[in-house]
Amino acid sequence: MAWFRSWSLVVGGLLLWLDSGLCTEPVFRFGSYYASHMVLQKQPARAVVWGYGGVGATVNVTVSREDKIFNHQMTTVNEAPAPGVSGVWKVSLDPVGAGGPFLIVAKQKYARSVNRIVLKDVYFGDIWLCGGQSNMEMTVLQIINASEELSVASHYPYIRLFQASLKESNQELNDLAGIEVQWSVPTAEILGKGNFTSFSAVCWLFGQYLYDKLQYPIGLVESCWGGTPIEAWSSKRVLNKCELPTNVSYGSEINETGPHQPSVLWNAMIHPLRRMAIKGAIWYQGEANAVWHNSEYNCTFPAMIEDWRQIFHQGSGGASEIDFPFGFVQLSTYRQAVSDDSYPWIRWHQTADFGYAPNPKMKRTFMAVAMDLGDEKSPYGTIHPRYKQDVAYRLYLGARAVAYGETAVVFQGPFPKGLQLQNNTELTIIYTQELTVLERSRDIFEVYCCTKWNSLSCKWVSAPIVSNSISTLSLSLNQCRQKVSGVRYAWKEWPCDLKKCPLYSKVYKLPAPPFLMQPDHN
């Protein structure tokens, strides 16, 4: 009697069975993030569908609705990405308009066998990728008015949720190694599952605001991990460009909780998504870099955005735009009454040192200012403010303007367009838009005061607001009788009380972002 032995082997997240040392018929399946209830990117994009199968097999993919076929694509399975793993097939669908539900059927002819797999309840709409660290990770359960927000989850069946598992890898993975939430219709259980687990409040609320406006399906893909620096989310290309090490660990130096090795989260949680056609991305991260590679963030962040855009564009066969919209949250607050200026600097570097977005180095980006949302009573620590509705709404306004082309939408707070020194007694700041001045603060503006004969004596001193008009305000220079060589606004870790910064836009009440500028001297 012959003895027969079998083993199971997991390679790249794919379970294979080996019998007597020989592989059985290769597994035929979709990539990990294709499932019933999902959203695919709508027209004009050619959404990508891909999976695994037997090398050389023929795969037919059809998209149908009510027995009417909208798409019929055929491809062959190419060589396997690694020894012992099934081959990979990929098709780019003809553009499909927003709506659904659709049925997607993939049929493989391999040798003498035919395999068929079906995805049901699939919709076409816009897909947004949500990334970052713990403030993106915070769930709806953890925010202000959580019970009210959770109660309306069932009102949005055409928003669909997907969440990648927390995984890291030293090599770029072809597919996700794990999934926390497979494509699902939103429920209070998913959105309020627990602290920092599933699902992202910022991501969900952003999608909810978008759906209310657009009235077509929205797919939200969460891939984030608390306590992680940008280096972990960046490819080696980005790190090399910014002259940062690619093979070291710096967990102990930055005293954070998540993975810190270079590129390990890019490899495991972003690179596997590259074939997905997406509309855009939103990002909430930077706290970990306040104390690690702070001064390099003005390189790493823009470089990471450009790298993500390149790889998603290539991976999706051009379906994701080469300059897809990228929104981000400028950091909120952490500690009160500290002299450390690491937070003001990281906020500045988040804009590539321009102070606003989009800008020449960060095109098609948009920013939600959050420094006025400090939450000293947050049970999750002051670094985790609960006012995520404001964050998401400010991102939503940016998306309307940058991603959806609504040029009349105000999505930025007031920013200076000029400075005028008047007889060395006042400094007038001219803003880009009409101002709402809540108070004439005495200390949120500062000027860099220097004696004209000794630059070593320069120091920052307060410059109280003494007057304001529709789009200007004037600062007193009484505390600086010498040369003013710089001016800055809100250059503090916790610059103002909750929603009470001095300056906001007149429309939508968006806070003016911090800035650092040099005045012109006549």
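Residues numbered from 1 in each chain as written. Predicted model: local features only at pLDDT ≥ 70, side-chain atom pairs only at ≥ 80, totals over all residues. Heavy atoms only, no water.

**Student:** I'm lost on the sheet that holds strand S19 (residues 426-431) in this one. Help?
**Tutor:** Neighbouring strands of a sheet are bound in pairs by backbone hydrogen bonds; such pairs are parallel or else antiparallel. If you trace the four strands from one edge of the open sheet to the other, you get S18-S19-S24-S23, paired in antiparallel fashion. Single-partner strands in this sheet number two, and they are strand S18 (416-422) and strand S23 (465-468). Across the sheet, the mean angle separating the axes of adjacent strands is 20 degrees when strand polarity is ignored. In the sheet, S23 pairs with strand S24 (residues 472-476) via three bridges, with the strands oriented antiparallel. Paired with serine 467 across the two strands is serine 474, which belongs to S24. (Pairing = 2+ DSSP bridges. Helix = DSSP H or I, 4+ residues; strand = E, 2+ residues; numbered from the N terminus. Axes fitted to C-alpha atoms, helices over the stretch in contact; angles between N-to-C directions.)

**Student:** Quick question: what am I supposed to make of the pattern of salt bridges here?
**Tutor:** Should their charged atoms come close, side chains of opposite charge can pair. The final tally for this structure, using the stated rule, is 15 salt bridges. Across the pair glutamate 321 and arginine 364 runs a salt bridge, and its minimum N-O distance is 3.1 Å. Separated by 43 residues along the polypeptide, glutamate 321 in the loop between helix H8 (297-315) and strand S16 (326-329) and arginine 364 in the loop between helix H9 (342-349) and strand S17 (365-368) bring together distant segments of the chain. By relative accessible area, glutamate 321 is classed as partly exposed at 37%. Ionic pairing is found between arginine 488 and glutamate 446, a salt bridge with its closest N-O pair at 2.9 Å. (Salt bridge = Lys/Arg side-chain N within 4 Å of Asp/Glu carboxyl O. Buried < 20%, exposed > 50% of the residue type's maximum accessible area, 1.4 Å probe, protein only.)

**Student:** Can you walk me through the pairing of strand S14 (residues 218-224) in this structure?
**Tutor:** Where a strand is regular, its side chains alternate between the two sheet faces. With seven of its seven residues buried, S14 lies for the most part within the structure. Side-chain alternation along S14 places Ile218, Leu220, Glu222 and Cys224 on one buried face and Gly219, Val221 and Ser223 on a second face that is also buried. Pairing between strand S11 (residues 113-132) and S14: seven bridges, direction parallel. What sits directly across from tryptophan 128, in S14, is leucine 220. Here strand S12 (residues 159-164) pairs with S14 via five bridges, running parallel. Bridge pairing in S14 places arginine 160 opposite glycine 219.

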